[in-house]
Amino acid sequence: MKCKVCRDRAVIQVRRHNANFCAPHFVDHIHRQVEKTIHHYRMFRPSDRLVLGVSGGKDSLALWDILTELGYRVDGVYLHLGIGEYSSDSLRFTQEFAESRGLDLKIVDLPTDVGFSIPQAAAATARTACSACGLSKRYILNQVAAEGGYDVLVMGHNLDDEAATLFGNVLQWNPEYLARQAPVLPADDGGLIRKVKPLIRVAERETAAYAVIRGIEYEVEECPMAAGNTINRYKEWLNALEEQSPGLKANFLFGFLDRGQPAFASHRGSVELAACAECGQPTTGEVCAFCRLRRQTLVKISSRAAS
Amino acid sequence: MKVILRQPRREIEVEGVSKVADLFKQLDLVPESYLVIRDGELLTIDMPVGPDDVIELRPVISGGSP
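Chemist: Sorry, what's going on with the nonpolar core here?
Modeler: Proteins that are soluble and globular tend to have nonpolar side chains buried together. Formed by 93 residues in total, the largest nonpolar core has its most connected members in F26, V51, L153, V154 and A209 of chain A together with L42 of chain B. If one sorts the elements of this core by residue count, helix α6 (residues 129-147) of chain A sits on top with eight residues. With residues near it in sequence (within four places) discarded, V154 of chain A still touches L50, V51, L52, V74, V196 and P198 of chain A.

Pasting the structure below:
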């Protein structure tokens, strides 16, 4: 296969764009896709203070590299989940990346700073590990962004993440979730920081290829708590369909955002957010879901220690 | 040839393969879910491969609840 731009040997085929690229032209292609997404959805301006949620995986590290190459100044925030070797390896990849490029990285250590790990939260509550992790990440990243005076919280969700989430919400016909899934989640007066997803036009395979081409070392192994989880299964199914019909994932997601989602607008509702009685972060109830998770988990840990 | 698989990392020997595409057929894997890496370089599906090659098939699916 030859690069569609220069006719050199291609290193990647992007079938949904009917294009093959050599390494330098693939990097250009990805930069253009992300820049286009940022402008199309008016995600942020050059003057905005940006903080990126980084996990040590391919998506967030690739995005940090892309945004830096595009000229944006972006700080990173890493949440240590307390998942053994997986967490220590992920942290090492993140720190090495930040140090090699002179980028600012804030680290929040869930076990040390808050008092529990994700495996402990999953064991102590009715939540799965992925659910406890998702809740903790949303809470801590928003808190760090708010306290740090950032305008925008940037996330590394890619096309496959968003298509798989949409697939799950369609299977459940969950109108509230369908109404809210978006490339930009606006800031809220109650304290939610504006959240954006600049990688939604880039497939998972392409962020991984970008990382390899750019020499970015990332955590390839899967989180041991996430093995066989539902979202990953949906991704495998969607990839099997994509193999037969290139462009299917992008059509599914962007067709929904452009044409499907307006039908669910009435379900967006106007949820009143108030300050959590315990931590002050925005919540729909009296005490936020994270404070309830923390309280339940800490009670279980201390009762185990006592017995 | 030696093929390195991940999640978890392990190695297998594969014979009778002359192109990357054959590798996916023989192992019954979906190309959209993997990168093929030889000596740090990405290979497209049409590339020839030989018995002395060491090939990594790196899965690209990751993440739990986004």
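Chemist: So what exactly am I meant to see when it comes to helix α12 (residues 289-306) of chain A here?
Modeler: Structurally, the α-helix is built with 3.6 residues per turn, so residues lying three or four positions apart point the same way. Residue and element names in this part refer to chain A. Over its 18 residues, α12 extends 26 Å from the first C-alpha to the last, a length consistent with the 26 Å expected when each residue adds 1.5 Å. When we look at burial in α12, the residues that qualify are F290, L293, R294 and T297. End-on, the buried residues of α12 take up no more than an arc of 95°, which puts them together on one face. Exposed side of α12, more than 90 degrees from the buried face: V299, S302, S303 and A306 are the residues found there. Residues of α12 that are buried in the fold lie against α4 (110-114), α5 (118-124) and α6.

Chemist: Whenever I open this one, the interface of chain B and chain A confuses me. Can you help?
Modeler: Where interface size is quoted, it is often the accessible area lost as the parts come together. Opposite the 22 residues of chain B that make contact, chain A presents 35 residues. If you list the elements that add at least two residues to the side of chain B that touches chain A, you get β3 (34-38) and β4 (41-42) of chain B. Its residues assigned to classes, the side of chain B that touches chain A comprises 10 nonpolar, seven polar and five charged.

Chemist: Help me out: how do you make sense of the packing of helix α2 (residues 58-69) of chain A against helix α9 (residues 204-213) of chain A in this one?
Modeler: For any two helices packed against each other, the geometry is given by the interaxial angle and the distance between the axes. Residue and element names in this part refer to chain A. Between α2 and α9, the shortest axis-to-axis distance is 9 Å and the interhelical angle comes to 60°. When the axis of α2 is compared with that of α9, the two are oblique. Viewed along their axes, α2 and α9 form a crossing whose handedness is left-handed. In this structure, α2 uses K58, D59, L61 and A62 to contact α9, whose residues at the interface are T207, A208, Y210 and A211. A class-by-class count of the residues in the contact of α2 with α9 yields five nonpolar, one polar and two charged.

Chemist: Teacher, can you tell me more about helix α1 (residues 23-40) of chain A here?
Modeler: Residue and element names in this part refer to chain A. Along its 18 residues, α1 runs 26 Å from first to last C-alpha, staying within 8% of the 26 Å computed at 1.5 Å per residue. Within α1 the residues assigned to the buried category are A23, F26, H29, I30, Q33 and V34. Across the axial projection of α1, the buried residues extend over an arc of 125°, all falling on one side. Opposite its buried face, α1 presents the exposed residues R32, K36 and H39, each directed more than 90 degrees away. Buried residues belonging to α1 abut β1 (12-14), β2 (19-21), α2 and α9.

About the cut-offs
Residues numbered from 1 in each chain as written. Chains lettered and ligands numbered in written order. Predicted model: local features only at pLDDT ≥ 70, side-chain atom pairs only at ≥ 80, totals over all residues. Core = buried A, V, L, I, M, F, W, Y, C linked by C-beta atoms within 7 Å. Buried ≥ 20, exposed ≤ 12 C-beta atoms within 10 Å, placed from the backbone. Helix = DSSP H or I, 4+ residues; strand = E, 2+ residues; numbered from the N terminus. Contact = placed C-beta atoms within 7 Å. Expected span 1.5 Å × (residues − 1). Arc of directions from axis to C-beta. Nonpolar A, V, L, I, M, F, W, Y, C, P; charged D, E, K, R; others polar. Axes fitted to C-alpha atoms, helices over the stretch in contact; angles between N-to-C directions. Parallel < 35°, antiparallel > 145°, perpendicular 65-115°, else oblique. Left-handed = near helix turned anticlockwise from the far one by under 90°.

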